[in-house]
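Given next are the chains, with one letter for each unit.
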Amino acid sequence: MTNDGNGGPILRCEDVSLKFGSIQALSNMTFDVNKGEIVSIIGPNGAGKTSVINTITGFYRPSGGNIYFKDKNITGLPPHKICVHGIARTFQNIELFRGLSVLENLLAARHIYLKSNLLSCCLYFGLAQKKEIEAREFVEEIIDFLEMEAIRKQEVGILPYGQRKRVELGRALALEPEIIFLDEPTAGMNVEEKEDMVRFILDVNEDRGTTIVLVEHDMDMVMDISDKVIVFDFGMKIAEGLPVEIKEDKRVIKAYLGEK
Amino acid sequence: MSEFDTYPKLLIRNVKLHGDRVALRRKNLGIWQNHTWNDCYEQVKSLCLGLVDLGLRRGDKVALIGDDEPEGFWAEAAIQAAGGVVVAMWSDSIAAEAAYIIRHSDSKFVISEDQEQVDKILEIKESIPGVEKVIYWDPKGMRKYDDPILSSYEEIKKIGSAYAEKNPAAFEALIEGGKGSDAAQMSYTSGTTSLPKGVVLTHNAIIASARRMQEYAPLEIGEDVITTLASASVFHSWFSGYSYMRGVIINFPEEPETLMHDYREISPRFLLVTPRQWESLSSMTQTRINDAGFLKQFVYNLFLPIGYKVADLSTSREKIDLTLKIFNKLGDLLVFAPIRDKLGLTKTKYPVTGSAFLSPDFFRYYQAIGINLRQIYGSTEAGVVSMHSSGEIDNDSVGKLCDGVDVKISEDQEILVRGESIFTEYYKNPEKTDQVIKNGWFHTGDSGYINDRNHLFYLDRIENLDELNNGHKYAPAYIEGKLKFSRFIQDVMVVGGKNRGYLSVIINIDFESIGKWAESNRLTYTTFVDLSQKNEVGSLIRNDLKRVNNTLPKESKVRKFVLLHKEFDADEGELTRTRKLKRQFLQVRYKDLIDAVYENKKEIPIVTEVKYRDGRKGNVETNLKIHSVDENGVPG
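Residues numbered from 1 in each chain as written. Chains lettered and ligands numbered in written order. Predicted model: local features only at pLDDT ≥ 70, side-chain atom pairs only at ≥ 80, totals over all residues. Heavy atoms only, no water.

Regarding its fold elements, chain A presents ten helices and ten strands. The C-alpha radius of gyration of chain A comes to 19 Å, within 12% of the 18 Å expected for a compact globule of 260 residues. Considering only C-alpha atoms, chain A reaches an extent of 70 × 40 × 35 Å along its principal axes. Among the 260 residues that make up chain A, the fraction classed as buried is 52%. Sequence-distant contacts in chain A: of pairs separated by 6 or more residues, those separated by 24 or more amount to 69%. Of the roughly 12,300 Å² of accessible surface on chain A, 52% is carried by carbon and sulfur atoms. Charged side chains of chain A number 31 positive and 40 negative; the gap between the two group centres comes to 6 Å. (Helix = DSSP H or I, 4+ residues; strand = E, 2+ residues; numbered from the N terminus. Rg over C-alpha atoms; globule rule 2.2 N^0.38 Å. Buried < 20%, exposed > 50% of the residue type's maximum accessible area, 1.4 Å probe, protein only. Contact = heavy atoms within 4.5 Å. Areas by Shrake-Rupley, 256 points an atom, 1.4 Å probe, with all protein chains shown as cover. Lys, Arg positive; Asp, Glu negative; His and termini not counted. Charge placed at Lys NZ, Arg CZ, Asp CG, Glu CD.)

Right, dumping it as structure tokens:
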């Protein structure tokens, strides 16, 4: 139902480990994500799902191993350098500028494409003006894409939770990423909002060819839309495969349900 | 006028007269984008010829389903230019309804908006074998669809452009070949009682109605209007007349959700929305006022009575003294003008309502804040019959009879209409057609009367006039309209009838307003069901009922009421798509409840379905309270 991901690996994690003091959050994590795929990471609470995203996107520095994005080693780069490479993400607990409007939040994300000198910025002419208009146009297309016209000028802080999640996805898209990490994109949503979000995720994947990695607890959704599922438990990868394979996997069932 | 007896002919005229002028505008990517008549011509031409190349012939039907967007507007013209008949469908109709209409109308093509509509059509593909092509205009999300029946709007236009190169005169020739007496459109009636019927309208009928509207609400070339009506509504095709016949600019809002914002930016000269929308605008205003700060509330409450006073005096054509005039002007400056601005009505000269009942209280309210609402009376079958023109507004009538329309009242109080604007037939249903058109007179099924100033007064549907067991006649919708003025009441149905001695009502509470009210009164609640059964809410609604009862004749007073545990829902068949009550169905559905009311029970157990988060469904049993309007008295 989605791209087959035959574009070869776009992201590789090799033996990635992460320690907080004496706690081993991730140990020797190795996996690939192919271009154009939708990959889901699942696992019980505390399995290291968010940690791995934080490590890849530069919020944590791994204590061992290497991360390659398009064959470039991005291990340990800070977040603002990582996003320039074409990697974007959303957060489990929504991190937006609450006091700014939806439009402004998305425009803020475009800053990496706004390059002009101070003078032309101050006077708003030449390149600055052109870039500004381009940014607005790009952002408006995202607003259209995610059907946010009605909330364009609303302050993010007063929006309902489901819509804020949508704004976060929009901000990630504004970076024109090649890969997006979505940390629990449908948590706390009602059925209708969930359906919308799933549709947007599929549209992003299909229409823009963006690779998607999601952390998600809703198994129906995971099994429905993923090309590949990776299962974590206690900071280790315990299984990886097609959704149908994962459903049958004994280790996975054990991790979720415990032993008889 | 016979020279330009179809919209496509008028399109050609407009292109010649002023091809560079703006014909319509749409908001896209946050900016209003202009389309000139030349643009429209190119769009319509290539689409029309594309359809012709695919096999569209004179008299063929094409179903059109989607939100109101320029592509839909062009598609209508393209279909009609080729001599085809537009089958106008509601964008929110469910799959089974859509299948019935497409099959019954013998539609050869379906032109639909987007993925949502395409999914619906593909779902019913097996049951509509006559459809040869399904065309969509919004390609979003359509990349992976490979059903050969699908084509995009752009593909068809490409075919059309190629066709035009080979046959440069084909488009004009097709349009020239059209006659005013040809069928132009089929609208399916919402079917309050039975399966929807396909009302066939000619170009002549549509143009006659459009002309009547323009006579009483004239607009000039270049003035702005905004589309507010579902494209399936027949008002919509009359409305298009402003564009084709007068060169008025039609503005298309960005999304249905941004409508209010877009109203404000455009502030249309002419605004026709349904009574329901006027009701919700007024309750929205009231909710906002209640949320406003002390000063704003104070000023509003200070000036509103003055507005009412002036409104009443001018309605009864009495003299307004200077002090009152000055205060009203001040009120306008401080309160009413800002409200009009928020509602996007600053430049609106013709605020119009029609198609269903709107309580006189709303007219009075809008008049008080400086909006002189006028009514239009008409129907898909009859066309435009009457309308208020400036200076001839009477809140109780549904307008002055239009020129060129023949109207008479039959012996049993039915409104009969004759003239150019009435429909040709119900498609493939001659029996039904003969039932309503006799000797050229269309029997509307509405009851009413005409006064000496040629104003038409509408009471209710003939079959809806009801009487109690004591022979007292009452119009349920009239009472319902009055009750709906309360911001706490979302919807309401009056119950009575020949077997019963008094009236009672079933009420849907307005969850939002009452929720807010509960919050500010520290009343805790969990769900709609819970809130609706609170005693405090019962008393709140009782006050509204008492207020309305004061204005009703003794026999029509409402004695009992029930606050329903859910809202009436079109998807469950309780309302029509225009959100009118399906009374007979509701009477059956809530029979136990109604019986309990008249058996003087205090409450009745009901079972409601609840959906849990994990998708399971369960039933919850609760009791619905039956309230008396008079707390002490026992009705009977």
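The rest of the description comes next.
In this structure, Ile-111, Phe-171, Phe-270 and Val-385 of chain B are the most contacted members of the largest nonpolar core, which totals 85 residues. At nine residues, helix 2 (residues 37-54) of chain B tops the list of elements feeding residues into this core. Listed in part, the 39 residues of the second largest apolar core include Val-102, Val-156, Met-189 and Ile-225 of chain A. (Core = buried A, V, L, I, M, F, W, Y, C linked by side-chain atoms within 4.5 Å.)

Taken residue by residue, the interface counts 13 residues in chain B and 19 residues in chain A. Both sides together, the interface formed by chain B and chain A hides about 1,300 Å², and carbon and sulfur atoms give 46% of it. Of all residues in chain B, Leu-29, Lys-140 and Lys-144 of chain B bury the most surface against chain A, accounting for 44% of the area lost on that side. Our count for the chain B to chain A interface comes out at three salt bridges. (Buried area = accessible area lost by both parts, 1.4 Å probe. Salt bridge = Lys/Arg side-chain N within 4 Å of Asp/Glu carboxyl O.)

Residues and elements named next belong to chain B. The element strand 26 (residues 503-509) is largely enclosed, with a buried count of seven among its seven residues. In strand 26, alternate side chains face the same way, and those of Leu-503, Val-505, Ile-507 and Ile-509 on one face and Ser-504, Ile-506 and Asn-508 on the other are all buried. Pairing of strand 25 (residues 489-495) with strand 26 involves six bridges; the strand directions are antiparallel. Looking across to strand 26, one finds that Met-493 is bridged to Ile-506. Relative to strand 27 (residues 558-563), strand 26 is paired through five bridges, and the arrangement is parallel. Note on strand 27: the bridge partner recorded for Ser-504 is Lys-560. (Pairing = 2+ DSSP bridges.)

A word on helix 5 (residues 126-145) of chain A. Residue and element names in this part refer to chain A. Under the 1.5 Å per step criterion, the end-to-end length of helix 5 is 29 Å for 20 residues, consistent within 8% with the ideal 28 Å. For helix 5, the set of buried residues is Ala-128, Ala-135, Phe-138, Val-139, Glu-140, Ile-142, Ile-143 and Phe-145. Phi turns positive, to about 55°, at Glu-147, one or two residues after helix 5. (Expected span 1.5 Å × (residues − 1).)

Take the environment of Ile-462 of chain B next. All names here are of chain B. Of note, Ile-462 is situated in the loop between strand 22 (456-461) and strand 23 (466-467). Using a relative accessible area of 31% as the deciding quantity, one classes Ile-462 as partly exposed. Taking the C-alpha atoms as reference, Ile-462 lies 8.7 Å from Asp-412; in sequence the two are 50 residues apart. With near-sequence residues (within four places) excluded, Ile-462 lies in contact with Asp-412, Gln-413, Glu-414, Gly-445, Asp-446 and Ser-447.

Here we take up the side chain of Arg-340 of chain B. Residue and element names in this part refer to chain B. Along the polypeptide, Arg-340 turns up in helix 13 (residues 322-342). The class of Arg-340 is buried, set by a relative accessible area of 14%. Every residue in contact with Arg-340, bar those within four places of it in the chain, is listed here: Asp-332, Leu-345, Thr-346, Ile-369, Gly-370 and Ile-371.

Attention now moves to the packing of aromatic side chains. By the definition in use, this model includes 25 aromatic pairs over all chains. Note on Phe-294 of chain B and Phe-298 of chain B: the rings are 6.0 Å apart at their centroids and 25° apart in plane angle, and the pair reads as stacked. Here Phe-298 of chain B and Phe-294 of chain B lie together in helix 12 (residues 294-315), a separation of four residues that amounts to about one turn. Between the aromatic rings of Tyr-377 of chain B and Tyr-458 of chain B, the centroid separation amounts to 6.1 Å while the plane-to-plane angle is 35°, which identifies the pairing as tilted. A residue pair is termed long-range when its members are at least 10 positions apart, and Tyr-377 of chain B in strand 14 (residues 374-379) and Tyr-458 of chain B in strand 22 qualify at 81 residues. What makes Tyr-377 of chain B buried here is its relative accessible area of 9%. Over the ring of Phe-59 of chain A we find Arg-89 of chain A, and its NZ or CZ is 5.0 Å from the ring centre. (Phe/Tyr/Trp six-rings, centres within 6.5 Å; stacked < 30°, edge-to-face > 60°. Lys NZ or Arg CZ within 6 Å of the ring centre and 35° of its normal.)

Before going further, it helps to examine the sheet that holds strand 19 (residues 425-426) of chain B. All names here are of chain B. With mixed pairing, the eight strands of this open sheet are ordered in space as 7-6-5-3-4-8-9-19. Each edge of the open sheet is held by one strand with a lone partner, namely strand 7 (150-152) and strand 19. Strand direction decides the pairing type here: strand 8 (residues 183-188) and strand 9 (residues 198-202), joined by five bridges, are antiparallel. Residue pairing across strands places Tyr-188 opposite Gly-198, the latter belonging to strand 9. Its contacts with the sheet put helix 6 (residues 153-166) on strand 6 (133-136) and strand 7, and the angle it makes with strand 7 is roughly 75°. (Axes fitted to C-alpha atoms, helices over the stretch in contact; angles between N-to-C directions.)

With that settled, the discussion passes to the sheet that holds strand 5 (residues 72-73) of chain A. Residues and elements named next belong to chain A. The antiparallel open sheet is built from four strands, whose spatial order is 2-1-4-5. At either end of the open sheet lies a strand with only one pairing partner, and these are strand 2 (23-34) and strand 5. Taken together, the two bridges between strand 4 (residues 64-69) and strand 5 define a ladder with antiparallel strand orientation. Counted as the bridge partner of Tyr-68 is Asn-73 from strand 5. Against the sheet, helix 1 (residues 49-56) contacts strand 1 (9-20), strand 2 and strand 4, and its axis sits at roughly 70° relative to strand 2.

Let us now look at helix 17 (residues 511-520) of chain B. Those residues of helix 17 of chain B that sit buried are Ser-513, Ile-514, Gly-515, Trp-517 and Ala-518 of chain B. Note on helix 17 of chain B: the residue one or two positions beyond its end, Arg-522 of chain B, has a positive phi of about 55°.

Moving on, we come to the confidence of the model for chain B. Chain-level pLDDT for chain B is 89 on average; 97% of the residues reach the 70-or-more range. As a predicted assembly, this complex carries a pTM of 0.77 together with an ipTM value of 0.74. (pLDDT = per-residue confidence, 0-100.)

Let's shift gears to the environment of Tyr-525 of chain B. All names here are of chain B. Within the secondary structure, Tyr-525 is located in the loop between helix 17 and helix 18 (528-532). Given the relative accessible area of 26%, Tyr-525 is considered partly exposed. The sequence separation of Tyr-525 and Pro-305 amounts to 220 residues, and the corresponding C-alpha distance is 35 Å. Residues within four places of Tyr-525 in sequence aside, it is in contact with Phe-511, Gly-515, Ala-518, Asp-530, Leu-531 and Lys-534.

At Glu-147 of chain A, a residue that is not glycine, the phi angle is positive and equals roughly 55°. Secondary-structure assignment places Glu-147 of chain A in the loop between helix 5 and helix 6 (161-174). On the basis of relative accessible area, Glu-147 of chain A is assigned to the partly exposed category, the value being 36%. The phi dihedral of Leu-29 of chain B is positive, around 50°, even though this residue is not glycine. Tracing the sequence through the fold places Leu-29 of chain B in the loop between strand 1 (22-28) and strand 2 (31-36).

Attention now goes to the pattern of salt bridges. Once their charged atoms are close, side chains differing in charge can pair, the charge on each being opposite to the other. Residues and elements named next belong to chain B. What the rule picks out here adds up to 49 salt bridges over all chains. Among the salt bridges present, the one from Asp-262 reaches Lys-27, with a minimum N-O distance of 3.5 Å. One end of the pair, Asp-262, is in helix 10 (residues 259-266); the other, Lys-27, is in strand 1, and 235 residues separate them in sequence. Here Asp-262 and Lys-27 have matching classes, each one buried. In this structure, Asp-332 and Arg-340 form a salt bridge, with 3.0 Å as the shortest nitrogen-oxygen distance. For the pair formed by Asp-332 and Arg-340, the shared burial category is buried.

Axis angle and axis distance: for two packed helices, these are the angle between their axes and the distance between the axes, and together they describe the pair. All names here are of chain B. Relative to each other, helix 2 and helix 3 (residues 70-81) sit at 55°, their axes nearing to 8 Å. By the angle class used here, helix 2 and helix 3 are oblique. The two elements helix 2 and helix 3 meet at a crossing, and its hand is right-handed. Contacts from Cys-40, Gln-43, Val-44, Leu-47, Cys-48 and Leu-51 in helix 2 reach Trp-74, Ala-75, Ala-77, Ala-78, Ile-79 and Ala-81 in helix 3. Across the contact of helix 2 with helix 3, the residue classes break down as eleven nonpolar, one polar and no charged. (Parallel < 35°, antiparallel > 145°, perpendicular 65-115°, else oblique. Left-handed = near helix turned anticlockwise from the far one by under 90°. Nonpolar A, V, L, I, M, F, W, Y, C, P; charged D, E, K, R; others polar.)

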